[in-house]
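Commentary on secondary and tertiary structure
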Amino acid sequence: MPNIRSSADLRNGYNEISTFCHTYNEPVFITKNGKGDLAVMSIEAYESLVGRFELYDLIKDGLSDVEKGNTRPFSEAMASIRERRRK
């Protein structure tokens, strides 16, 4: 269940919200005048989320290369890497 707090709670209970975010690695949703306004999370949770998005983009690019035929056998790729290392 999401943790939803008011903007007054953020102002008056920052330490409690920070502790929650770090302990549970989940965002806290902040409301303003009864409506959703912000999502607050730890830096670690944010970096993990961004990292996943970057990974998904790389996977998508790789699948696109496969569809277009922009691939080569693993043995050829490894031979090319070994050749570059020798230089």
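This is a predicted model, so every value here is computed, not measured.

Looking now at helix α3 (residues 43-68). Think of an α-helix as 3.6 residues a turn; residues three or four steps apart then line up on the same face. Taking 1.5 Å per residue as the helical rise, α3 with its 26 residues ought to reach 38 Å, and the 37 Å between its terminal C-alpha atoms agrees with that figure. Phi turns positive one or two residues past the end of α3, at G69, with a value near 80°.

With that settled, the discussion passes to the pattern of salt bridges. This structure, assessed with the given rule, holds 3 salt bridges. The shortest N-O distance in the salt bridge between E16 and R5 comes to 3.4 Å. Note that E16 is positioned in helix α2 (residues 14-24) and R5 in strand β1 (residues 3-6), a separation of 11 residues in sequence. Under the relative-accessibility criterion, R5 is labelled buried at 17%. Salt-bridge contacts for R86 lead to E83; the nearest nitrogen and oxygen are separated by 3.4 Å. Of this pair, R86 and E83 both sit in helix α4 (residues 74-86), 3 residues apart, roughly one helical turn. Given a relative accessible area of 63%, R86 falls into the exposed group.

Read across the sheet, 3 strands follow the order β1-β2-β3 without closing on themselves; strand pairing throughout is mixed. What marks the edges here is a single partner per strand, and that holds for β1 and β3 (35-40). On average, adjacent strands in this sheet sit at an angle of 35° to one another, irrespective of strand direction. Looking at chain direction, β1 and strand β2 (residues 28-32) are connected through 4 bridges and run parallel.

Right, let's get into the nonpolar core. I17, F20, C21, V28 and I30 form the largest nonpolar core, which has 5 residues in total. Going through the elements one at a time, α2 and β2 are the ones with two or more residues in this core. For this core, the element with the most residues is α2, which contributes 3 residues.

About the criteria used
- Residues numbered from 1 in each chain as written.
- Predicted model: local features only at pLDDT ≥ 70, side-chain atom pairs only at ≥ 80, totals over all residues.
- Heavy atoms only, no water.
- Helix = DSSP H or I, 4+ residues; strand = E, 2+ residues; numbered from the N terminus.
- Expected span 1.5 Å × (residues − 1).
- Salt bridge = Lys/Arg side-chain N within 4 Å of Asp/Glu carboxyl O.
- Buried < 20%, exposed > 50% of the residue type's maximum accessible area, 1.4 Å probe, protein only.
- Pairing = 2+ DSSP bridges.
- Axes fitted to C-alpha atoms, helices over the stretch in contact; angles between N-to-C directions.
- Core = buried A, V, L, I, M, F, W, Y, C linked by side-chain atoms within 4.5 Å.

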